[in-house]
Amino acid sequence: MSATSRPVGPERVRAERHLCVGAGQCVLAAPAVFDQAVDDGLVLVLDDTPPAVELSAVRDAVWACPSGAVTLREGAVD
């Protein structure tokens, strides 16, 4: 792989529940990908490899998360 090449693979959504403060900004930005648990209000990832049509909303959710609990690894190869 050259230095300018990007890894090829699905975008991977992750949420660190121990960092989540339950603000719900991820759910507002990308409701098809995130939800909040009924018992504690913390983030739940509904789709950790969302379709391309959802990626803009996921990026918005990552940006809006006040605790940094939500991440998107683009071109993730696991």
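Residues numbered from 1 in each chain as written. Predicted model: local features only at pLDDT ≥ 70, side-chain atom pairs only at ≥ 80, totals over all residues. Heavy atoms only, no water.

Undergrad: Pulling in residues and values, what's your account of the pattern of salt bridges?
TA: Applying the stated rule across the entire model yields 2 salt bridges. The shortest N-O distance in the salt bridge between Arg12 and Asp48 comes to 3.3 Å. In this pair, Arg12 is assigned in strand 1 (residues 12-15) and Asp48 in the loop between strand 3 (43-45) and helix 2 (55-64), connecting sequence segments 36 residues apart. Residue classification places Asp48 among the partly exposed residues on the basis of a relative accessible area of 35%. In this structure, the salt-bridge partner of Arg17 is Asp40, at a minimum N-O distance of 2.8 Å. (Salt bridge = Lys/Arg side-chain N within 4 Å of Asp/Glu carboxyl O. Helix = DSSP H or I, 4+ residues; strand = E, 2+ residues; numbered from the N terminus. Buried < 20%, exposed > 50% of the residue type's maximum accessible area, 1.4 Å probe, protein only.)

Undergrad: Describe the side chain of Arg12, naming the residues involved and giving the relevant values.
TA: By relative accessible area, which is 18% here, Arg12 ends up buried. A polar side-chain atom of Arg12 sits 3.3 Å from a polar atom in the side chain of Asp48. (Polar contact = N/O pair within 3.5 Å; in protein donor to acceptor, adjacent residues only side chain to side chain.)

Undergrad: Give a description of helix 2 that names residues and reports values.
TA: Along helix 2, the residues that are buried comprise Leu55, Ala57, Val58 and Ala61. Angularly, the buried residues of helix 2 cover 155° about the axis, an arc narrow enough to put them on a single face. Summarising the contacts, the buried residues of helix 2 are in contact with strand 1, helix 1 (25-29), strand 2 (34-36) and strand 4 (70-73). (Arc of directions from axis to C-beta. Contact = heavy atoms within 4.5 Å.)

Undergrad: Any chance you could break down the environment of Gln25 for me, citing the residues and the numbers?
TA: Residue position: Gln25 is located in helix 1. For the pair Gln25 and Val43, spaced 18 residues apart in sequence, the C-alpha separation works out to 9.6 Å.

Undergrad: Give me the lowdown on the pairing of strand 4, citing residues and values where you can.
TA: Successive side chains on a regular strand alternate, one facing one side of the sheet and the next facing the other. Of the two faces of strand 4, the one lined by Val70 and Leu72 is fully buried and the one lined by Thr71 and Arg73 carries no buried residue. Summarising the sheet, strand 1 and strand 4 pair through 4 bridges and their orientation is antiparallel. Across the sheet, Val13 pairs through a bridge with Leu72, a residue of strand 4. (Pairing = 2+ DSSP bridges.)

Undergrad: An account of the nonpolar core is needed here, citing residue identities and associated values.
TA: Judged by nonpolar contacts, the single largest core of 17 residues is most densely connected at Cys26, Ala30, Phe34 and Val58. In terms of residue count, the dominant contributor to this core is helix 2 (4 residues). Other than its neighbours up to four places away in sequence, Phe34 contacts Val13, Cys26, Val27, Val43, Leu44, Val45, Leu46, Val58, Ala61 and Val70. (Core = buried A, V, L, I, M, F, W, Y, C linked by side-chain atoms within 4.5 Å.)

Undergrad: Run through the state of the cysteines, naming residues and quoting values.
TA: Counted under the stated rule, the structure contains 0 disulfides. The thiol of Cys26 is not disulfide-bonded; the next cysteine sulfur, from Cys20, is found 6.3 Å away. For Cys26, a relative accessible area of 7% gives the class buried. With no disulfide partner, Cys65 has as its closest neighbouring cysteine sulfur the one in Cys26, 6.4 Å distant. Take Cys65: its relative accessible area is 16%, and that puts it in the buried class. (Disulfide = S-S within 2.5 Å.)

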